[in-house]
Amino acid sequence: MSDNSSGKENWKKGVEKLLKGDKAESLNRQSPEGFEIQALYDSEDVSNRNVDPGYPGEFPFTRGPYSSMYTQRPWTIRQYAGFSTAEESNKFYRQALEKGQKGLSVAFDLATHRGYDSDHPRVVGDVGKAGVAIDSVEDMKILFDGIPLDKMSVSMTMNGAVIPIMAAYIVAAEEQGVSTEQLSGTIQNDILKEFMVRNTYIYPPQESMRLVSDIIEYTSEKMPRFNSISISGYHMQEAGADSALELAFTLADGLEYVKTAVESGLDVDAFAPRLSFFFAIGMNFLMEVSKLRAARTLWAELMKEHFEPKNQKSLMLRTHCQTSGWSLTAQDPLNNVVRTTIEAMAAVLGGTQSLHTNSYDEAISLPTETSSRIARNTQTIIQEETDITHTVDPLGGSYAIESMTHDLKEKAKTIINEVMEMGGMAKAIEEGYPKQKIEEAAAIKQAGIDKGDITIVGVNKYVNEKEDPVDILDIDNTGVRDGQVDLIDEIKAKRDKVATKEALLAITEAARSGEGNILDLAVEATRKRATVGEISTALEQAWGRHTATNQTIKGVYESVYKSDKGYQEIKSKIDAFSEEEGRRPRILVVKMGQDGHDRGAKVVATAFADMGFDVDVGPLFSTPDEAAKQAIENDVHVIGVSTLAAGHKTLIPDLVKILKKEEAGDIIIVAGGVIPVQDYDFLYEAGVSAIFGPGTNIPKAASKVIDEIRAQKA
Amino acid sequence: MTIDELAKGVQEGKRRHLAKAITLVESNREADQQTAQELISKVRSSKETIRVGISGVPGVGKSTFIEALGNLLIEEGLKVAVLAVDPSSPATGGSILGDKTRMETLSSKDEAFIRPSPTSGTLGGVAKRTRESMMLCEAAGYDVILVETVGVGQSEFEVASMVDCFLVLMLPGAGDSLQGIKRGIMEIIDILVINKADGDQEKMAKNAVTEYQNAFHLLTPKYDGIGVEFLTVSSIKKKRIDEAWEKIQGFISALKEKGIFEAQRKEQELNWFKRLVEDEVLRRLWGSETNKEKAAELVEQIKKGEITPVKAAYDFLSSEISR
């Protein structure tokens, strides 16, 4: 060891010579997670941390949940997909399965997520966009037509309308001749994170937890091969969380679910082996590898400490991963292939059980056939052309990885302890604590990017001056909706009305009384051809729809940016405007439709307020009517529409029309978010003054907005 | 839009016009201020209205309460305007106004008009523009005006001085909040509502009522023969919101029966007049360059001990008061 320390001293001297006098420690960096990333790690760092990663397949599973890992069978390539109608999605799935994909992962449209049938007036712009429209078991049967559900593992991203969707899946299988015992796959069923970040909830938190627990109960009895929940950090990272926050809040969510199920009378070993996890993998390569290793270690320790399971499998964290959608850029989009590859490598070297790789065009629109193929091949190439799968946990024992795994785990543990002190994750969410933490992290990161401290190639550095347009997939939203509405009408005309009604009443009754298993009753109602929307409404009648208290933060963006000259210039520009106008420029930041991803809207709101705008924040899930009413009452200069789910071509023209009708045509509309360049002209034509794509520099956008308001007044 | 068009639109209850009119009274430009006065003199309300101030500390559930109460009033066939005053927003820079996200169903209703206002740098402060906005809403046909304010600083007193009924929301857990309640505030409360009385907190809320009743017992009543009303509600579960409305109505009828209602509104106007004059005199006094110079001179002399403060004051006023 003495050799080692003199070795380190020599290294330091070498570095300091190269740095021409600066200390070697000056090369260490502060990670966003709040610990130091050393320029060099050595054996001493590992021994000081008391790290012994042990063996794969053994407690605490740092090196992998299974002993053979990819040397025996590689991870499952599970691409998340779904769009338009069940028929179209079915066709797409079958092709993908032929081309080497191993499991299915269904993306539902936002109307379905929020428990609305396609004929509901609130979802006009959402049907068939960003996922497949499923209104009833008939749609589900078409979706899995020719796909044997006893053999295919199916993952479903569903949280809000989890009951009718699970029921439709079960009944679709039943009518295929497949029993519940044979079904394998995963239902996301992670409602807690919806209240934090993704916002596709329907019912209030407490009632929603009842559904989670009913599903865990049902699956533990009848679906032994099915993962009852996928505890997701993915959306937290997408919303801005750093790795420590993502890890801590996800595991804390997990503990809350286990607690709820145990309190409802289940034995921990009856369901804990069927819990699964879901993490995002971003561009911080070493940190992300460490995150998955830390996640397994910490979960095993926490489960052992809190619930003392007898079955080793109850301690094992198994996870799905997806490459980061947020890291993708609309600018120079082929760069995204490279980003996704690096992220996929991190997921694999971290030891994931299944993986989705994003398509390069996802920052612009829905993936096309070409982009989907390349995304899938990113994984087959790693699996079959490289030697990465030949060795279990090949990075295990690396000084850096082992040290970072340990440091990240410790950091997450501190956050989890804070959450525990607040009374657990459900309480913490009620108080808005995790949401605020994540939004702060997002605002800090955005300021870092706008300022140029954080590099994003093609966006704030090495910008490609001449962009070639990318082919995109456009969904005929109105056409899909019409077809869905016809099918709903047909089902409703053919079914036994009295039987359906009785089955739905039984659901409402069970929701009110707290008795019975709601999934059980929903399966019965689905057999009677009750629709997704009807089953959701039956629950809503007992519980109501949840409205979020929307907290906003202020000052965080400015705290990073203050010293910047350009930032001060825009502030003065806004002050000058306020002086002339007699009031500050006022903007309504609004999300229309059923899309709940509000990171962009939140970051823009907080940054604009810091720069001197008066910012009105609209409720989530607004209709164009509601947005117009609010804009008019608050007499804003401008409406900023944040859109990520492709509803803009329906919703924005509607908004323009309503404003004109109300004699408020002078209110300017700007749009931001995921909008394909191909749609720009359509939107300008419809009356949009400016469009800000992903990667827009926010102070520049603010300046542009002021110019537009002035132009309107002139 | 001309001033006559604007006035006509407000009087016809047009949302766009009402909103523009409020912008005008909120404007910091002196020219707009004059136009605003002209506008206000052109409009008037033709029906009986009720003005309710609603206050409470952050987190007590004001918005949720207003959402529940507002929806109830609309069900009864009334039109509701909500003016949200937030004195806690910073003096410089912009602000984030998220009230409507907390009044989601109410804000989408045709019979409701909700206007949150930033406070930064308004001439005449919170009170002036809220008072005038309130009058505009009444002219536009709104029956009940709810003025929401955060229970910090001076704003409660300002709001109380412009409404018929001042309602304060409190959290269950009386012991703690009793200490938090400022002495002066107790004297302006007409109705005290304990919110979040649901589930485990129901009993705690009831105990709180008893404690508050005892505490208020010691106070001289605000009006002869009309005591402070207490009740518990759960805004989120929409429990006993109807009772809250009954209490408000009961309180208003009592004021009317005793002939206090109109008298109070008149008195508020007179006080308002006096306040405006005083504010304006002070503004002009300290705003004039010659006065500033003169005052600065005298301050220097006082510092050096060359003149007594009293003599300085006389000198200053005798030279300026005649102007």
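Residues numbered from 1 in each chain as written. Chains lettered and ligands numbered in written order. Predicted model: local features only at pLDDT ≥ 70, side-chain atom pairs only at ≥ 80, totals over all residues. Heavy atoms only, no water.

Chemist: I tried to follow the pairing of strand β12 (residues 586-591) of chain A on my own but got confused; where do I start?
Modeler: Walk down a regular strand and you will see the side chains alternate between the two sheet faces. All names here are of chain A. A large share of β12 lies buried, amounting to six of its six residues. Here β12 runs beside strand β13 (residues 614-617); their pairing, made up of four bridges, is parallel. The residue bridging Leu 588 from the neighbouring strand is Asp 616, located in β13. Assessed by its sense of winding, the connection that carries the chain from β12 through helix α24 (residues 599-611) to β13 is right-handed. Two elements, β12 and strand β14 (residues 638-643), share five bridges in a ladder whose sense is parallel. Each bridged residue has a counterpart across the sheet, and for Lys 591 the counterpart in β14 is Ser 642. (Buried < 20%, exposed > 50% of the residue type's maximum accessible area, 1.4 Å probe, protein only. Helix = DSSP H or I, 4+ residues; strand = E, 2+ residues; numbered from the N terminus. Pairing = 2+ DSSP bridges. Right-handed = clockwise from strand over helix to strand, strands pointing away.)

Chemist: Can you walk me through the interface of chain A and chain B in this structure?
Modeler: Bring the parts together and some accessible area is lost; that lost area is often taken as the interface size. Taken together, the contact between chain A and chain B spans 38 residues of the former and 35 residues of the latter. Across the interface of chain A and chain B, roughly 2,900 Å² is buried in total on both sides, 47% from carbon and sulfur atoms. Taken as a group, Lys629(A), Glu633(A) and Asp635(A) account for 21% of the area that chain A buries against chain B, more than any other trio of residues on that side. There are five salt bridges connecting chain A and chain B. Here Asp635(A) ties to Arg16(B) by a salt bridge, and the two come within 3.3 Å at their closest N and O atoms. Elements with a contribution of two residues or more to the side of chain A that touches chain B: α23 (565-581), α24, β13 and α25 (624-633) of chain A. For the side of chain A that touches chain B, the element with the most residues is α25(A), which contributes five residues. (Contact = heavy atoms within 4.5 Å. Buried area = accessible area lost by both parts, 1.4 Å probe. Salt bridge = Lys/Arg side-chain N within 4 Å of Asp/Glu carboxyl O.)

Chemist: What is the right way to look at the pattern of salt bridges in this model?
Modeler: Oppositely charged side chains can pair when the atoms bearing their charge come close. Per the stated rule, a full pass over the model turns up 72 salt bridges over all chains. Three or more residues joined by partner-sharing salt bridges are found here, namely Lys8(A), Asp42(A), Asp45(A), Arg49(A) and Asp407(A).

Chemist: I'm lost on unusual backbone geometry in this one. Help?
Modeler: Residues and elements named next belong to chain A. Omega for the peptide link from Phe 59 to Pro 60 comes to 0°, which places this bond in the cis form. On the secondary structure map, Pro 60 appears in the loop between α2 (43-48) and β3 (76-81). A positive phi is found at Asp 332, a non-glycine position, where the angle reads about 45°. Among the structural elements, Asp 332 can be located in the loop between β10 (319-323) and α13 (335-350). For Asp 332, a relative accessible area of 21% puts it in the partly exposed group. The phi angle at Arg 529 is positive, at roughly 75°, despite the residue not being glycine.

Chemist: Looking at this structure, how should I read the environment of Met186(B)?
Modeler: Turning to its location among the elements, Met186(B) is positioned in helix α9 (residues 183-186). You can call Met186(B) buried: its relative accessible area is 7%.

Chemist: Any chance you could explain the sheet that holds strand β7 (residues 191-194) of chain B here in plain terms?
Modeler: Residues and elements named next belong to chain B. Pairing in this open sheet of seven strands is parallel, and the strands run β4-β2-β5-β1-β6-β7-β8 from one edge to the other. For this open sheet the edge positions go to β4 (112-117) and β8 (229-232), each flanked by a neighbour on one side alone. Strand-to-strand twist in this sheet, taken as the mean axis angle between neighbours without regard to direction, amounts to 20°. Relative to strand β5 (residues 144-150), strand β1 (residues 50-56) runs parallel, the two sharing seven bridges. If you follow Arg 51 over to β5, its bridge partner there is Ile 145. Helix α4 (residues 62-75) rests against β1, β2 (80-85), β4, β5, β6 (165-170) and β7 of the sheet, and its axis sits at about 175° to β5. (Axes fitted to C-alpha atoms, helices over the stretch in contact; angles between N-to-C directions.)

Chemist: Would you explain the packing of aromatic side chains in this entry?
Modeler: The way to describe two aromatic rings as a pair is by their centre distance and the angle between their planes. All names here are of chain A. With the rule as written, the count across this model stands at 19 aromatic pairs over all chains. A ring pair is formed by Tyr 203 and Trp 543, whose centres lie 5.5 Å apart and whose planes are at 80°; its orientation type is edge-to-face. Separated by 340 residues along the polypeptide, Tyr 203 in the loop between α7 (192-198) and α8 (205-222) and Trp 543 in helix α21 (residues 532-543) bring together distant segments of the chain. Neither residue differs from the other here; Tyr 203 and Trp 543 are each classed as buried. Between the aromatic rings of Phe 277 and Phe 279, the centroid separation amounts to 6.3 Å while the plane-to-plane angle is 5°, which identifies the pairing as stacked. For Phe 277, a relative accessible area of 1% gives the class buried. For the cation-ring pair, Lys 649 lies above Phe 682, with the distance from its terminal atom to the ring centre recorded as 5.3 Å. (Phe/Tyr/Trp six-rings, centres within 6.5 Å; stacked < 30°, edge-to-face > 60°. Lys NZ or Arg CZ within 6 Å of the ring centre and 35° of its normal.)

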